Amino acid sequence: MGNDGAGRPQNDLAEQLASAVDGGRWADAVGLIERHWSALMAADISGLRTALEALPPEVIAEHPRLAAARSYVEFIPSGDAPRPVQFRDQSAAGHPEALLDVLARLTSRSGARRSAGQFALAAESVDEAREVLTDATEDVLMQLQPALPELVFHWGKAREFAAQGLAAYREYRDAYDLAVVAGDELVTAKAAGALAWLSALSGYFDEARSWLGRMPATESWQGTRNATTAHLARVLLLYGELRYAEATEILDSDVDLALSPEYWAVELFLRSRLVGDAWQARELLSSIASAVQRNPPALSESGLNAQVLTRARVQAHLALQHPDRARQIVNEHLASQKRFSQSMLVEQAAIELVAADDAAAGRFAAELVTLDDARLAPLASALLVNAVCAMHAGDDERAVQEFERVVHSVVRDGLLTVLTVISRGDLARLAAMTELDTVPGGRAVVEQALERGIFAPAPITIAPLSPRERSVLAELRGGASIAEIAAALQVSHNTIKSQLRSVYRKLGVANREEAEAAAARYGLV
């Protein structure tokens, strides 16, 4: 169905449709529905549903696509909390209304499961819907044309939150293509926004910009939940260009979680990319804890939400120079999810660089470099980690060689944010030892990064512990309580507490468990 009413007020269209139906002007009503389907869907879906139900049988017989459209609006999933539907099975086998009933039922089931945090099950419902659609004839598919773009878009949403990135991209691309053919500008806009968001999240910034450029010129989708993913993509693009203030402004002014509450974890993840100091890191950790507590546990335990929350926590703890805690968070996530992630490998390598464990950082980077399907941003990040490890080991030739590859990639793909995976000091040292003028544009991007970037902390260097602090740490590793340590060393509780705070600060840790791990790693006792 078309939508040639660009710029026409949506409420005016809804009123015209209601007037045509009330006056029995069926030709006018059909014309409005056919030409302005997308705008009417956005303006007043209940009014559109009423109008379709009022069409006489002879009108439906003359315009058979409206039969499928009528079934569709009756069962369309409602936003983030789709209402349940039931399979009526009242049409002949193979009839588009019967097929649409099945697809709508499965789509609503998928949406309900997604809202409950059952992300894997939501994707399974999409698998069922896809299997049903495979058996449809061309004639039936033509009759379903008004409904398919929206349905397929919801399938993409289910796969996105199930962390099935590539499959989600394919669903959104299918929804986009179907919407363009059907003239459905609303689905065209939100599918393009979703594709831009997934592209940016994977580090394909040029592709993300391309999808944002395909957004329809009309503004019926702006200021609604349909614009959310486009805004998320813009935030990541600005972050990738190190334009942090502009990215923050979009998060604060344009990303409205009241409209798109299911993106609460993503919003926290994006804010974690903008953490520039320890205070902001602590505020972020507090916000994450509050958000997780407010939402049902299932919503933070799997799928995309679990991934982005893990990465947000890691970023915050690295800013606090707590690599042991960051490592523990990643390990807990991997143990519960058992799902491979290229981005998580980058996080692990970054953690080990901060912890001054170059061998471990190099192992994670090597694992990523050997992947046949390594994405551009993770691959460049891994090469940069390799360059830093080589530099720390005194292998300047290899460090320069790897760094030049990274700079070529950053210039070509616009991935300035890759340069901030390491510390500012390490980037400056690599730049000083490399002939950047041999890489067209290389010096400019490195200088931009050094001037504007929010970098990973410098590798932790352990400050010397005093003899008394070593004694306290030894007692701590032996399992003694503060009272037992105070008694053994014949000092007060407050003295032990003060010495423990000093030990934690010098080791760059936050608690007893992390202190014990750091002591073992650095051979301090």
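These figures come from a predicted structure and were not determined experimentally. (Residues numbered from 1 in each chain as written. Predicted model: local features only at pLDDT ≥ 70, side-chain atom pairs only at ≥ 80, totals over all residues. Heavy atoms only, no water.)

Comments concerning the overall build of the protein chain
- Scanning the protein chain from N- to C-terminus turns up 29 helices and zero strands.
- Looking at the protein chain residue by residue over its 525 residues, the buried ones come to 54%.
- By sequence separation, contacts in the protein chain at least 24 residues apart represent 68% of the contacts at least 6 residues apart.
- Carbon and sulfur atoms make up 50% of the accessible area of the protein chain, which amounts to about 22,200 Å² in all. (Helix = DSSP H or I, 4+ residues; strand = E, 2+ residues; numbered from the N terminus. Buried < 20%, exposed > 50% of the residue type's maximum accessible area, 1.4 Å probe, protein only. Contact = heavy atoms within 4.5 Å. Areas by Shrake-Rupley, 256 points an atom, 1.4 Å probe, with all protein chains shown as cover.)

A short note on empty space enclosed by the protein
- For the structure shown, the criterion picks out one cavity of 30 Å³ or more.
- Of the voids in this model, the largest cavity is the one considered here, and its volume is about 40 Å³.
- Ala350, Leu353, Val354, Val421, Ile422, Ser423, Asp426, Ala456, Pro457 and Pro459 together form the lining of the largest cavity.
- For the lining of the largest cavity, the element with the most residues is helix α20 (residues 342-354), which contributes three residues. (1 Å grid on protein atoms, 1.4 Å probe; cavity = no way out; pocket = protein on both sides within 12 Å on 5 of 7 lines; lining within 4 Å. Points joined across faces, edges and corners; volume = space filled by probe spheres on them.)

Things to note about the nonpolar core
- By size, the foremost hydrophobic cluster in this structure holds 128 residues, and its most contacted members are Leu103, Trp197, Leu270, Phe403, Leu419 and Leu430.
- Examining the composition of this core, we find that eleven residues originate from one element, helix α22 (residues 376-392), more than from any other.
- Excluding residues within four positions of it along the chain, Trp197 makes contact with Glu160, Thr229, Leu232, Ala233, Leu236, Tyr263, Val266 and Leu270.
- Membership of the second largest hydrophobic core comes to 23 residues, among which are Met41, Ile60, Ala67 and Val73. (Core = buried A, V, L, I, M, F, W, Y, C linked by side-chain atoms within 4.5 Å.)

Here we look at unusual backbone geometry
- Phi at Gln321 is positive, roughly 60°, even though this residue is not glycine.
- Here Gln321 shows up in the loop between α18 (303-319) and α19 (323-337).
- The backbone of Gln490 sits at a positive phi, close to 60°, despite the residue not being glycine.
- With respect to the helices and strands, the residue Gln490 is situated in the loop between α27 (482-489) and α28 (493-507).

A short note on the pattern of salt bridges
- Per the stated rule, a full pass over the model turns up 24 salt bridges.
- Across the pair Lys190 and Glu150 runs a salt bridge whose closest N-O atoms are separated by 2.9 Å. Taken as a pair, Lys190 in helix α12 (residues 185-201) and Glu150 in helix α10 (residues 148-161) lie far apart in primary sequence, 40 residues in all. Glu150 carries the same exposure label as Lys190, and that label is buried.
- Taking the shortest distance from any N to any O, the salt bridge between Arg512 and Glu516 comes out at 3.2 Å. Taken as a pair, Arg512 and Glu516 lie in helix α29 (residues 512-522) at a separation of four residues, close to a single helical turn.
- Three or more residues joined by partner-sharing salt bridges are found here, namely Asp127, Arg130, Arg159, Glu171 and Asp174. (Salt bridge = Lys/Arg side-chain N within 4 Å of Asp/Glu carboxyl O.)

Remarks on the packing of α19 against α20
- Contact pair α19 / α20: the axes reach a minimum separation of 9 Å and the direction vectors enclose 155°. Accordingly, the angle class assigned to the pair α19 and α20 is roughly antiparallel. Crossing hand, α19 versus α20: left-handed. Only Met344, Gln348, Ile351, Glu352 and Val354 of α20 make contact with α19, whose side of the interface consists of Pro323, Ala326, Arg327, Val330, Asn331, His333 and Leu334.
- Grouping the amino acids of the contact of α19 with α20 by side-chain chemistry returns seven nonpolar, three polar and two charged. (Axes fitted to C-alpha atoms, helices over the stretch in contact; angles between N-to-C directions. Parallel < 35°, antiparallel > 145°, perpendicular 65-115°, else oblique. Left-handed = near helix turned anticlockwise from the far one by under 90°. Nonpolar A, V, L, I, M, F, W, Y, C, P; charged D, E, K, R; others polar.)

Section: the packing of α10 against α12
- Relative to each other, α10 and α12 sit at 20°, their axes nearing to 10 Å. What the angle tells us is that α10 and α12 run roughly parallel. Note on packing geometry: the crossing formed by α10 with α12 is left-handed. Mapping the contact onto sequence places Pro149, Glu150, Phe153 and Glu160 in α10 and Val187, Lys190, Ala191, Ala194, Trp197 and Leu198 in α12.
- For the contact of α10 with α12, the residue count by class is seven nonpolar, no polar and three charged.

Side note on helix α17 (residues 278-294)
- The terminal C-alpha atoms of α17, which comprises 17 residues, lie 24 Å apart, in line with the 24 Å expected from a rise of 1.5 Å per residue.
- Elements that come into contact with the buried residues of α17 comprise α16 (264-272) and α18. (Expected span 1.5 Å × (residues − 1).)

Thoughts on α12
- Compared with an ideal rise of 1.5 Å per residue, which puts 17 residues at 24 Å, α12 spans 24 Å between its outermost C-alpha atoms and is within 8% of the ideal.
- Counting buried residues in α12 gives 15 out of 17 residues, a clear majority hidden from the surface.

Comments concerning the confidence of the model for the protein chain
- For the protein chain, the mean per-residue pLDDT works out to 86, and 89% of the residues sit at or above 70.
- Mean pLDDT per element in the protein chain: helix α6 (residues 65-75) is the minimum at 68, and α16 is the maximum at 97.
- Counted against residues more than four places away or in other chains, residues 2-8, with its pLDDT under 50, gives 21 contacts.
- pLDDT under 50 marks residues 78-94. Its contacts with residues more than four places away, or in other chains, come to 42 contacts. (pLDDT = per-residue confidence, 0-100.)

Brief notes about the side chain of Ser341
- Along the chain, the position of Ser341 falls in the loop between α19 and α20.
- Taking the relative accessible area as the measure of exposure, Ser341 reaches 14% and is therefore buried.
- Looking at Ser341, its side chain comes within polar contact range of the main-chain nitrogen of Ser343, at 3.4 Å. (Polar contact = N/O pair within 3.5 Å; in protein donor to acceptor, adjacent residues only side chain to side chain.)

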